[in-house]
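Each chain is listed here by its residues.
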Amino acid sequence: MWLIMAVLSALFAGLTAILAKCGTKSMDSDVITALRTAVVLVFSWIMVFLTGSLHTITDIGMRSLFFLILSGFATGASWLCYFKALSLGDVNKVTPVDKSSTVITVLLAIVIFQETSHLLLKLTGTAVLAVGIYRMIEKKETVPDLHNGKDSRWTVYAILSAVFAALTSILAKIGITGVESNLATAIRTAVVLVMAWFIVLIRKKQAQVRTTARKDLALICLSGITTGASWLCYYYAIQNGIVSVVVPVDKLSIVITVLFSWLILKERLTRKALSGLLLMVCGTLILTIWG
């Protein structure tokens, strides 16, 4: 069951990236994060009430709560960096760098959680995945269009997004022990919401919400719903499955993202990037089958 949930998480995450990219045309990345998080929070708490897990909130230990809060901060930082990167670069370039968090997470899971079964195959799959990510990261040999924000700064934000995303998975695995997964997601989302809106208020960007085009706002809300669905599936899988398997499967969302970016955003892959995507899929399958 946890493997199915990991696959569903990948599906919803892939849709999230495309919806968010389509909705960044007239919005600041910090504002996008804050609005999306508000939608995710409502969605996640609805799931808590539907599953009847609210009464278990008093059973959460201080250690679990501490790591869930840390995971929430890491998620917030990852989101802020990720959507800043999306606003500066192409989806096909930002997403592979962000997905490099998979390599970091798998290695950390091996060390911290002692997930060492089939270690050689697991390391092989991770290596293949890393090579695939490297081949998908390309730089256009063109002059940066600073007017549209298309320059190399997206790389820095995408790398930071990957680092914080890796920390998110590890911290969440520790914090979610003994906590109902839907409730854990809702608690973490509340932390992300506070962090996101704090940044919006500090930078005095709240007025931009009123000037946002309705179409872009609708797309951001839809991306919030898909994010919430992805999170609920992901943290169920994290709680009940093997981290070093769940994370790579979840990151297969890149296949969905690339497909939709080609169909909707008309972003094309070179042969090198396509070979990298295939390597990422192969590495993930190795981790899934023998992990």
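So, a few notes on the structure that sits alongside this text. (Residues numbered from 1 in each chain as written. Predicted model: local features only at pLDDT ≥ 70, side-chain atom pairs only at ≥ 80, totals over all residues. Heavy atoms only, no water.)

Description of the overall build of the chain
Scanning the chain from terminus to terminus reveals twelve helices and zero strands. The N-to-C order of helical and strand elements in the chain reads α-α-α-α-α-α-α-α-α-α-α-α. Taking 291 residues into account, the globule formula puts the C-alpha radius of gyration at 19 Å, and the chain, at 18 Å, falls close to it. With respect to the three principal axes, the spread of C-alpha positions in the chain is 55 × 50 × 30 Å. Taking all 291 residues of the chain together, 54% fall into the buried category. Put simply, of all contacts in the chain between residues at least 6 apart along the chain, 90% involve residues at least 24 apart. Working note: accessible area of the chain is about 13300 Å², and carbon and sulfur atoms make up 71% of it. (Helix = DSSP H or I, 4+ residues; strand = E, 2+ residues; numbered from the N terminus. Rg over C-alpha atoms; globule rule 2.2 N^0.38 Å. Buried < 20%, exposed > 50% of the residue type's maximum accessible area, 1.4 Å probe, protein only. Contact = heavy atoms within 4.5 Å. Areas by Shrake-Rupley, 256 points an atom, 1.4 Å probe, with all protein chains shown as cover.)

Considerations on the environment of Ile176
Along the polypeptide, Ile176 turns up in the loop between α7 (153–175) and α8 (181–202). The class for Ile176 is buried, based on a relative accessible area of 2%. Look past the residues within four positions of Ile176 in its chain and what remains in contact with it is Leu68, Ser181, Ala184, Tyr235, Ile238 and Gln239.

Section: empty space enclosed by the protein
Under the defined criterion, the tally for this structure stands at one cavity of 30 Å³ or more. Taken as a whole, the largest cavity spans an internal volume of roughly 460 Å³. Along the walls of the largest cavity sit 26 residues, with Ala13, Trp79, Trp231, Asp250 and Lys251 positioned nearest its centre. Listed by contribution, the elements that provide at least two residues to the lining of the largest cavity are α1 (2–22), α3 (62–88), α4 (91–99), α7, α9 (214–240) and α11 (253–263). Its residues placed into classes, the lining of the largest cavity shows nine nonpolar, twelve polar and five charged. (1 Å grid on protein atoms, 1.4 Å probe; cavity = no way out; pocket = protein on both sides within 12 Å on 5 of 7 lines; lining within 4 Å. Points joined across faces, edges and corners; volume = space filled by probe spheres on them. Nonpolar A, V, L, I, M, F, W, Y, C, P; charged D, E, K, R; others polar.)

Some details on the side chain of Ser244
Along the chain, the position of Ser244 falls in helix α10 (residues 243–250). At a separation of 2.6 Å, a polar atom in the side chain of Ser244 contacts the side chain of Glu115. Residues within four places of Ser244 in sequence aside, it is in contact with Val106, Ala109, Glu115, Lys122 and Leu287. (Polar contact = N/O pair within 3.5 Å; in protein donor to acceptor, adjacent residues only side chain to side chain.)

Concerning helix α5 (residues 101–112)
For α5, which comprises twelve residues, the first-to-last C-alpha distance of 16 Å matches the rise-based estimate of 16 Å (1.5 Å per residue) to within 8%. Residues of α5 that are buried include every one of Ser101, Thr102, Val103, Thr105, Val106, Ala109 and Ile110, and no others. Directly beyond the C-terminal end of α5, a positive phi value near 55° is found at Gln114. (Expected span 1.5 Å × (residues − 1).)

Regarding the packing of α5 against α7
Where α5 contacts α7, the axes come no closer than 8 Å and their chain directions differ by 35°. In the packing of α5 onto α7, the handedness of the crossing is right-handed. On the side of α5, the interface is formed by Ser101, Ile104, Thr105, Leu108, Ala109 and Ile112, while α7 contributes Ala162, Val163, Ala165, Ala166, Ser169 and Ile170. Tallied by class, residues from the contact of α5 with α7 come to nine nonpolar, three polar and no charged. (Axes fitted to C-alpha atoms, helices over the stretch in contact; angles between N-to-C directions. Left-handed = near helix turned anticlockwise from the far one by under 90°.)

As for the pattern of salt bridges
Proximity of charged atoms lets side chains of opposite charge pair with each other. According to the stated counting rule, one finds two salt bridges in the structure shown. Across the pair Arg203 and Asp30 runs a salt bridge, and its minimum N-O distance is 2.5 Å. Of the two residues, Arg203 sits in the loop between α8 and α9 while Asp30 sits in helix α2 (residues 29–51), which places them 173 residues apart along the sequence. Via salt bridges that share partners, Asp30, Arg203 and Lys205 belong to a single interconnected network. (Salt bridge = Lys/Arg side-chain N within 4 Å of Asp/Glu carboxyl O.)

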